[in-house]
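Architecture and fold: a report
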Amino acid sequence: MNFFRGVIGGQAAGPQPSGAETIQKLCDRVASSTLLEDRRDAVRALKSLSKKYRMEVGTQAMDHLINILQTDRSDSEILGYALDTLYNIICNDEEEEQDESEDAVTPLPVSGKHKNVSVPDENAQKQADDLGALFTDKFIQDPEHVTLLLTLLEEFDFHVRWPGVKLLTALLKNQGVQLQGVILVSPMGVSRLMDLLADSREVIRNDGLLLLQQLTKGNAAIQKIVAFENAFERLLDIITEEGSSDGGIVVEDCLLLLLNLLKNNSSNQNFFKEGSYIQRMKPWFEVGDDNSGWSAQKVTNLHLMLQLVRVMVSPVNSPGATSSCQKSMYQCGLLQQLCTILMATGVPADILTETINTVSEVIRGSQVNQDYFASVNAPSNPPRPAIVVLLMSMVNERQPFVLRCAVLYCFQCFLYKNQKGQGEIVATLLPSTIDANSISAGQLLCGGLFSADSLSNWCAAVALAHALQDNLTQKEQLLRVQLATSLGKPPVSLLQQCTNILSQGSKVQTRVGLLMLLCTWISNCPIAVTHFLHNQENVPFLTAQISENLGEDERLVQGLCALLLGICIYYNDNSLENYTKEKLKQLIEKRIGKENFVEKLGFITKHELYSRAAQKPQPVFPSPEQMLFDHEFTKLVKELEGVITKAVHKSSEEEKKEEEVKKTLEQHDNIVTQYKELIREQDSQIQELKEQVASMTSQNEQKQATITQQLSQIQQHKDQYNILKLKLGKENQSQSNSQGDVSQVNGLQTEELIQLKEEVEELRKQHTLLQTQLDDKDALINTLRSEAAQTAEGSAGGSENTELLKELETLRSQVQSQSTEINQLQTEREELLRRAEAGSSDVVHSSDGSLDSAKMAELESRLAAQMTETERLKEETKSLSGSRADLEQQLASATSTVAILQTEKAKLQTEVQESKKEQDDLLMLLADQDQKIHSLKQKLKDLGETVEDEDDLDAREQTDDDEEEEEEEDED
């Protein structure tokens, strides 16, 4: 400890050790000391010396410090000192943090090379950077060192985690690519770093943002991992918590990290869009009415936010992804919010410029967004379209150059693939639509085209060229525009006025703009070519410009003139006799020379500003003088340069052959087009038939399912009907037994009726015979009575009379018996007649075969009675039908009763099942209880207790019964 007192305390007597020697002793102490406090003090001393003696500490102590990180993991204080020391020797930043009071160490004597150190110049800074790279390479030579550092970041202790974050950030700044590769292959390496954003201590979270910025630079794989670790959600939450655009430096760091994750990374852009994070950007741009106070930080934040929007809709992205993001921005109201900023007052110029560029790319190529932008009005009196207000800024030479470029880019994006917008712009130039009381876009463009400011000329020419881009209709419509040059002179066409300004020898920028406009205008438009050639001065002017040998500044103008003349040849329809294709080529060959013409044409693509303009659509120029080429025009040059060169070198015979080939190809194309249309129609018909087949198949399947269901229902009904029929048959059989007597009384079978008729006939014959015998007997009785009376008077033959009287009494008794028999027969006859229900029309004959009148009357009465009986039977039939209906009703009620009974039966069966289940459960419980009782008895037996089983009890009861019986017998 005396050593540390000498270092930290006052200076001791004798020569002072040098810095290198002190550092060497401290390193030895770190390596050899066994006490943790000694090692901790030595590392703290190294930390205090690491800034001044960066080289010495780095070369001598790095290995010892890494060893401390590996061995002394349990002590957070020594880990913090070691990490801070490593940070000091690796970091190249100029700013130095003040040490805490307990860490302060008395400065050591400065060696010669450190004595006169002042603010480092460029060489000193370069040397410091070299040292940082050197020590970084040494640290990451072993990937385990990086893994160790990532592991230490999991420590929650502030004195370990914060220095670890700073150290890893410094390593990434010095050797980002190598360290990214190590972290990428480290298990859970990126996930550990993402946990820093969730740290509740703002210092660690903010430094974690800086760490992730360095980590995600230029590495798409790490960018994807960070994005899928929920980085977007966390960063947007932090931005909202910090106050969005009004927030501080933390918001800026979050936005820079978001730009790293999204720029040139289509996967993360799609994930950002699909996660509905675009909608969360809208509140960032809600600027209040009071725009007087814009802090520098707010301007920076809003600038980065606008850049973030542009990254999502950049023209370099895939068209599908850009279109989808543009749609989302319109639907969520983000475009409307940007237009509000665009038309607001008090917005700083750089924010306004970036907002214009952002709106430009949000509407570029999106018809819906372009239509909305066309409907935006500026808050002026009277209200003016936003396009008109922006064009007024573009042609105003007092406006900043970058703002005018931004307005031009916005106008170009508004017209990109927007034929409707192109037509509206050209329509403001036509005579029929010009309104003298208002300023239109066409008037502003014409004013800028012919103003004294060359930049306004160029911008207006390029803007008007975009109104004609790939739109043949508007090229032809623009030929109708007439301009009034001065009083008393007839108006001239816009085309002629452009060529007049060219011939006047204006500035190079103006002539380049006009030539680009003319080339765009007449390309692929034979009518415009004819109008251009109709002016006799145009072709001589172009040939004169091309043939002259001018300086470097005029070469670009010569190349554009060659391009314009070449377009006049290539798109010439030979309608003008003096300027046919062949005559123009002869003119070039005589006046200019084909080789010279092609050489001058090549001046365009060889210009240094041509390649810069061809890179991206946005016009970005360092100065107004370099504003010469337009992006879309470079595409036109690339398309026409080769075909114009071929057209100039071709002979008339080759052209004829080519025209014949073109006609043949056109015919073939027409045939192919017809076949394509036929195939499309057949495809549409096949598709319709497929849809019909699919629908019919589905309908058939549904019907089949319905039929199957109905068949099952019918079968069920049949089964139910058969069951009811059997039940009804049994009931009818029981009822028929009770109604058998009634059926015998009401009607007999035919054979029984015939037999009854025969019996009746025999009884009638017997009755007639008996009646005849009765009459004979009556006559005999009367005769005997008369004789008896005479005998009594004469008193003669007394004995004979007595015999006759006896005989008479006998006869009388016989007659009475016969009368009784006759009455019985009549009674039987009447009964038989009553039993005959449907007797036929029997005719009773007399014994001599003739009909008697009394019997006829009797027959008629019998027929009347039979008719009455028939009517009665009909009434009984009706009553039976009514009773049948009653029976059917009773059957229906019985059926419903059966259904109710079946339901009750099912309920009862369910209850029975539940009862059975309960009984089974009870039996199981009883079985378990018996088992427990048995086991308890067994335990009692094992313990020596006397336990009687049920079998023993039964045997004892049986024994007692036997003994009682024996005692009774003995008593007997």
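The structure presented is a predicted model; accordingly, all values stated were derived computationally and were not measured.

Moving on to the overall build of the chain. Broken down by element type, the chain carries 43 helices and four strands. Classification of the 972 residues of the chain by burial places 38% in the buried group. Split by element, the accessible area of the chain, about 55,800 Å² in all, is 51% carbon and sulfur.

The next thing to look at is the packing of helix 23 (residues 401-415) against helix 26 (residues 454-468). Direction vectors running N to C along helix 23 and helix 26 enclose 10 degrees, while the axes themselves pass 9 Å from each other. On the basis of their axis angle, the class for helix 23 and helix 26 is roughly parallel. Note on packing geometry: the crossing formed by helix 23 with helix 26 is right-handed. For the pair helix 23 and helix 26, contact is made by Phe-401, Arg-404, Leu-408, Phe-411, Gln-412 and Leu-415 and by Leu-455, Ser-456, Trp-458, Cys-459, Val-462, Ala-463, His-466 and Ala-467, respectively.

Evaluated as defined, the whole model comprises 21 salt bridges. Salt-bridge contacts for Arg-44 lead to Asp-41; the nearest nitrogen and oxygen are separated by 3.2 Å. Placement of the pair is Arg-44 and Asp-41 together in helix 3 (residues 36-49), with a separation of three residues, close to one helical turn. The residue Asp-237 makes a salt bridge to Arg-280 at a minimum N-O spacing of 2.8 Å. On the criterion of sequence distance, the pair formed by Asp-237 in helix 14 (residues 231-241) and Arg-280 in the loop between helix 16 (266-274) and helix 17 (296-312) is long-range, its members being 43 residues apart. When salt bridges that share partners are traced, they join Arg-40, Asp-75 and Glu-77 into one network.

A few words now on unusual backbone geometry. The peptide bond linking Asn-381 to Pro-382 adopts the cis configuration, its omega dihedral lying at 0 degrees. Here Pro-382 shows up in the loop between strand 1 (377-378) and strand 2 (384-385). For Ser-276, which is not a glycine, the phi torsion comes out positive at approximately 60 degrees. A relative accessible area of 40% places Ser-276 in the partly exposed class.

Further remarks concern the packing of aromatic side chains. By convention here, two paired aromatic rings are described through the distance between centres and the angle between planes. Throughout the structure, instances matching the rule amount to eleven aromatic pairs. On the numbers, 6.3 Å between centres and 85 degrees between planes, the contact of Trp-458 with Phe-621 is edge-to-face. With Trp-458 in helix 26 and Phe-621 in the loop between helix 36 (608-615) and helix 37 (631-649), the pair connects residues that are 163 residues apart, well separated along the chain. Like Phe-621, Trp-458 is buried. In this structure, Lys-166 is placed above the aromatic ring of Trp-162, and the distance from its NZ or CZ to the ring centre is 4.0 Å. Directly above the aromatic system of Phe-156 lies the positively charged group of Arg-201, at a separation of 3.9 Å from the ring centroid.

Next up on the list: helix 26. With 15 residues, helix 26 should reach 21 Å at 1.5 Å per residue; the first-to-last C-alpha distance of 21 Å fits that figure. Among the 15 residues that make up helix 26, 15 are buried, leaving the element largely enclosed by the rest of the structure. Asp-470 lies just past helix 26 and shows a positive phi near 55 degrees.

Next up on the list: a nonpolar patch on the surface. Taken together, the side chains of Ile-671, Tyr-675, Leu-678 and Ile-679 present a nonpolar region at the surface, about 390 Å² in accessible area. With respect to the helices, strands and loops of the structure, Ile-671 is situated in helix 38 (residues 652-738).

With that settled, consider the side chain of Thr-510. Inspection of the secondary structure puts Thr-510 in helix 29 (residues 508-522). When residues no more than four places from it in sequence are discounted, the contact partners of Thr-510 are Ser-454 and Asn-457.

Here the focus is the environment of Leu-334. Structurally, Leu-334 can be placed in helix 19 (residues 334-343). Residues in contact with Leu-334, not counting those within four places in the same chain, are Ile-278, Met-281, Lys-282, Phe-285, Val-309 and Met-329.

All right, on to the side chain of Gln-558 then. Looking at where Gln-558 falls in the secondary structure, it is placed in helix 32 (residues 552-570). A distance of 3.0 Å separates the side chain of Gln-558 from the backbone oxygen of Gln-545, its partner in a polar contact. Setting aside its immediate chain neighbours within four residues, Gln-558 contacts Gln-545, Ile-546, Glu-548, Asn-549, Leu-550, Lys-600 and Phe-603.

Within helix 10 (residues 176-185), burial applies to Gly-176, Leu-179, Gln-180, Val-182 and Ile-183. Within helix 10, the buried residues cover an arc of 165 degrees as seen down the axis, which keeps them to one side. The outward face of helix 10, more than 90 degrees from its buried face, is lined by the exposed residues Val-177 and Val-185.

A word on the confidence of the model for the chain. Chain-level statistics for the chain give a pLDDT mean of 80 and a share of 77% at 70 or above. In the predicted structure, residues 95-120 sits below a pLDDT of 50 and forms 31 contacts with residues beyond four places in sequence or in another chain. The low-confidence segment residues 836-853, where pLDDT is below 50, has 26 contacts with residues more than four positions distant or belonging to other chains.

Quick look at the packing of helix 8 (residues 143-152) against helix 9 (residues 158-174) now. Between helix 8 and helix 9, the shortest axis-to-axis distance is 9 Å and the interhelical angle comes to 145 degrees. The crossing of helix 8 and helix 9 is left-handed. On helix 9, the residues touching Leu-149, Leu-150 and Leu-152 of helix 8 are Val-160, Gly-164, Leu-167, Leu-168 and Leu-171. Looking at the contact of helix 8 with helix 9 residue by residue, the class counts come to seven nonpolar, one polar and no charged.

Here the focus is a negative patch on the surface. On the surface, a cluster of negative charge is contributed by Asp-960, Asp-961, Asp-962, Glu-963, Glu-964, Glu-965, Glu-966, Glu-967, Glu-968 and Asp-970. Mapped onto the secondary structure, Asp-961 falls in helix 43 (residues 950-971). Take Asp-961: its relative accessible area is 37%, and that puts it in the partly exposed class.

Turning next to the state of the cysteines. Tallied over the full model, the rule gives zero disulfides. Cys-413 supplies the cysteine sulfur nearest to Cys-410, a cysteine that is in no disulfide, at a spacing of 6.9 Å. A disulfide-free cysteine, Cys-519 has its sulfur positioned 8.4 Å from the sulfur of Cys-561, the nearest such atom.

Definitions and limits used
- Residues numbered from 1 in each chain as written.
- Predicted model: local features only at pLDDT ≥ 70, side-chain atom pairs only at ≥ 80, totals over all residues.
- Heavy atoms only, no water.
- Helix = DSSP H or I, 4+ residues; strand = E, 2+ residues; numbered from the N terminus.
- Buried < 20%, exposed > 50% of the residue type's maximum accessible area, 1.4 Å probe, protein only.
- Areas by Shrake-Rupley, 256 points an atom, 1.4 Å probe, with all protein chains shown as cover.
- Axes fitted to C-alpha atoms, helices over the stretch in contact; angles between N-to-C directions.
- Parallel < 35°, antiparallel > 145°, perpendicular 65-115°, else oblique.
- Left-handed = near helix turned anticlockwise from the far one by under 90°.
- Contact = heavy atoms within 4.5 Å.
- Salt bridge = Lys/Arg side-chain N within 4 Å of Asp/Glu carboxyl O.
- Phe/Tyr/Trp six-rings, centres within 6.5 Å; stacked < 30°, edge-to-face > 60°.
- Lys NZ or Arg CZ within 6 Å of the ring centre and 35° of its normal.
- Expected span 1.5 Å × (residues − 1).
- Patch = residues over 30% accessible without salt bridge, like charges linked within 9 Å, V, L, I, M, F, W, Y side chains within 5 Å.
- Polar contact = N/O pair within 3.5 Å; in protein donor to acceptor, adjacent residues only side chain to side chain.
- Arc of directions from axis to C-beta.
- pLDDT = per-residue confidence, 0-100.
- Nonpolar A, V, L, I, M, F, W, Y, C, P; charged D, E, K, R; others polar.
- Lys, Arg positive; Asp, Glu negative; His and termini not counted.
- Charge placed at Lys NZ, Arg CZ, Asp CG, Glu CD.
- Disulfide = S-S within 2.5 Å.

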